[in-house]
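One-letter residues, chain by chain:
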Amino acid sequence: MDGGGGAVTMPANDSDPVLITGAAPSYEEQFKARKRKYVIMMACRIPCLILAGLTYHTWWLALGFLAISVPLPWIAVLIANDSPPRKTEKVNRYQAEPTAIEHTTHRVIDG
């Protein structure tokens, strides 16, 4: 009796997995990516504050570093709390073709 299922006997040439779904990344993956962005942005603030302290003799340069470092926490929080955009899905809808009256003559059988 042949099962008809067709088991795969030989592995594929490449070992890369095949994506078979268009599902969004899991919540944990999204959270990890957002957390990584937050940490990177906050880590950029530390050198700005250190450079502002080191360049306090040149007031305009120190003020520039401070001006860069002030909005970084707000921007980091906004980016970390932002969710990825939703995918736009095209909905397949059935559209019936408009019916037209046939203009050809048909053979009529009288019985």
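Basis of the calculations
- Residues numbered from 1 in each chain as written.
- Predicted model: local features only at pLDDT ≥ 70, side-chain atom pairs only at ≥ 80, totals over all residues.
- Heavy atoms only, no water.
- Helix = DSSP H or I, 4+ residues; strand = E, 2+ residues; numbered from the N terminus.
- Polar contact = N/O pair within 3.5 Å; in protein donor to acceptor, adjacent residues only side chain to side chain.
- Contact = heavy atoms within 4.5 Å.
- UniProt positions renumbered as here; feature names shortened; annotations may be inferred.
- Axes fitted to C-alpha atoms, helices over the stretch in contact; angles between N-to-C directions.
- Parallel < 35°, antiparallel > 145°, perpendicular 65-115°, else oblique.
- Nonpolar A, V, L, I, M, F, W, Y, C, P; charged D, E, K, R; others polar.
- Patch = residues over 30% accessible without salt bridge, like charges linked within 9 Å, V, L, I, M, F, W, Y side chains within 5 Å.
- Areas by Shrake-Rupley, 256 points an atom, 1.4 Å probe, with all protein chains shown as cover.
- Salt bridge = Lys/Arg side-chain N within 4 Å of Asp/Glu carboxyl O.
- Expected span 1.5 Å × (residues − 1).
- Buried < 20%, exposed > 50% of the residue type's maximum accessible area, 1.4 Å probe, protein only.
- Arc of directions from axis to C-beta.

If you check an unreviewed UniProt entry, the chain appears there as DUF3099 domain-containing protein from Amycolatopsis heterodermiae.

Chemist: How would you summarise the side chain of Ser 69 if you had to cite specific residues and measurements?
Modeler: Looking at where Ser 69 falls in the secondary structure, it is placed in helix α2 (residues 59-69). Reaching out from Ser 69, the side chain makes a polar contact with the backbone oxygen of Leu 66 at a distance of 3.0 Å. When neighbours within four sequence positions are excluded, Ser 69 is seen to be in contact with Arg 45, Cys 48 and Leu 49.

Chemist: Break down the UniProt feature "transmembrane region" (unreviewed entry) in the chain for me, with residues and values.
Modeler: UniProt feature "transmembrane region" (unreviewed entry): in the numbering of this structure it lies at residues 38-54 and 60-80. Secondary structure content for residues 38-54 is 100% helix and 0% strand, and the end C-alpha separation is 25 Å.

Chemist: With reference to specific residues and values, describe the packing of helix α1 (residues 27-54) against helix α3 (residues 72-81).
Modeler: Two quantities define a packed helix pair, namely the angle between the helix axes and the distance between the axes. For the pair α1 and α3, interaxial distance at closest approach is 9 Å and the crossing angle is 175°. Between α1 and α3, the angle falls in the class roughly antiparallel. Only Leu 72, Pro 73, Ile 75, Ala 76, Val 77, Ile 79 and Ala 80 of α3 make contact with α1, whose side of the interface consists of Arg 34, Lys 37, Tyr 38, Met 41, Met 42, Cys 44 and Arg 45. Residue composition of the contact of α1 with α3, by class: 11 nonpolar, no polar and three charged.

Chemist: Residues and numbers for a nonpolar patch on the surface, please.
Modeler: On the surface, Ile 46, Ile 50, Leu 51 and Leu 54 cluster together to form a nonpolar patch covering roughly 390 Å² of accessible area. Topologically, Leu 51 is positioned in helix α1.

Chemist: Could you give an account of α1, naming the residues involved and the relevant values?
Modeler: With 28 residues, α1 should reach 40 Å at 1.5 Å per residue; the first-to-last C-alpha distance of 41 Å fits that figure. All of the buried residues in α1 are Gln 30, Arg 34, Met 41, Cys 48 and Ala 52.

Chemist: Tell me about α2, residues and numbers included.
Modeler: Along an α-helix, residues three or four apart share an orientation, since each turn contains 3.6 residues. By the burial criterion, the buried members of α2 are Ala 62, Phe 65 and Ser 69. On an axial view of α2, the arc spanned by its buried residues comes to 60°, and they lie on one face. Away from its buried face, by an angle of more than 90 degrees, α2 presents the exposed residues Trp 59, Trp 60 and Ala 67. Against α1 and α3 lie the buried residues of α2.

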